[in-house]
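# Report on the structure
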Amino acid sequence: MQKWMVSAATARGAVGVKTNIGAIVPPPWAKRMTAVWCNTLVGALLTTAESVGGILELEGTGIESQAFPLDQENMLTGGDSSLPAHIIPVNIPCQGLASIMGSTTMDDTVTGAVLNRWGCCFEG
């Protein structure tokens, strides 16, 4: 059995500041996380020579803390942009109903409000 879950889109923090972007509670039957991803929604905020990137960290009861790199987006000229939801295969033991917190630390130069969300897949 598999279940894909996703957090709400949440405003990310300032550059270099670890910011909580939401918790996901695994279904009661979950035994492991098999995939994880994070999406950065930039919209029309990037200007020429700005970039966006960072890391996703997962922490919680019942899982070992994990960190994953986010893809980096480099804007050559101003316009719309967002980081794709690059799905990373993992094999992380977890406990059903034990909340897993996602946090991002961004290392970019974006001056506007950017949203992040993360998601994962559980197996029983």
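Quick note: structure is the one above.
Summary of the structure given here. (Residues numbered from 1 in each chain as written. Predicted model: local features only at pLDDT ≥ 70, side-chain atom pairs only at ≥ 80, totals over all residues. Heavy atoms only, no water.)

### Topic: the nonpolar core
For clarity, the cut-off: In this text, buried Ala, Val, Leu, Ile, Met, Phe, Trp, Tyr and Cys residues form a nonpolar core when linked through side-chain atoms within 4.5 Å. Only protein chains enter the accessibility calculation, which uses a 1.4 Å probe; a residue is then buried when its area is under 20% of its type maximum, exposed when over 50%, and partly exposed in between. Helix and strand definitions here come from DSSP, where helices need a minimum of 4 consecutive H or I residues and strands a minimum of 2 consecutive E residues; each element is numbered from the N-terminal end.
The biggest cluster of nonpolar side chains holds 23 residues, and the ones touching the most others in it are Met-33, Val-36, Leu-56, Leu-58, Ile-100, Trp-118 and Phe-122. Looking at this core, the elements with two or more residues in it are strand E3 (19-24), strand E4 (32-46), strand E6 (54-60), strand E10 (88-93), strand E11 (100-106) and strand E12 (115-123). Among the elements that make up this core, the one with the highest residue count is E4 (four residues).

### Looking at empty space enclosed by the protein
We count it as follows: Grid points spaced at 1 Å and placed over the protein atoms alone form the basis of the search, with a cavity being a set where a 1.4 Å probe fits but cannot get out and a pocket an open set showing protein on both sides within 12 Å along at least five of seven lines. Lining residues have an atom within 4 Å of a point. Grid points are joined across faces, edges and corners, and a volume is the space filled by probe spheres set on the points. Throughout this entry, Asp, Glu, Lys and Arg are counted as charged residues, while Ala, Val, Leu, Ile, Met, Phe, Trp, Tyr, Cys and Pro are counted as nonpolar. The remaining residues, Gly among them, count as polar.
Scanning all chains against the criterion turns up one cavity of 30 Å³ or more. If you add up the space inside the largest cavity, you get close to 70 Å³. Every residue lining the largest cavity is counted, ten residues in all, and those nearest its centre are Cys-38, Pro-69, Leu-70, His-86 and Ile-88. The set of elements that each furnish at least two residues to the lining of the largest cavity consists of E4 and strand E7 (66-69). Looking at the lining of the largest cavity, its residues break down into eight nonpolar, one polar and one charged.

### Some remarks on the sheet that holds E11
Paired through backbone hydrogen bonds, the strands of a sheet run either parallel or antiparallel to each other. Our working definition: Following DSSP output, two strands are said to pair if at least two bridges run between them. Note on geometry: axes are C-alpha line fits, over the in-contact stretch for helices, and angles between N-to-C directions span 0 to 180 degrees.
Taking strand neighbours across the sheet as the criterion, the four strands line up as E3-E11-E6-E7 in an open arrangement whose pairing is antiparallel. What marks the edges here is a single partner per strand, and that holds for E3 and E7. Ignoring which end each strand starts from, the neighbouring axes of this sheet average 25° apart. The sheet contact formed by E3 and E11 spans five bridges and is antiparallel. Within E11, the position partnered with Asn-20 by the bridge is Ser-103.

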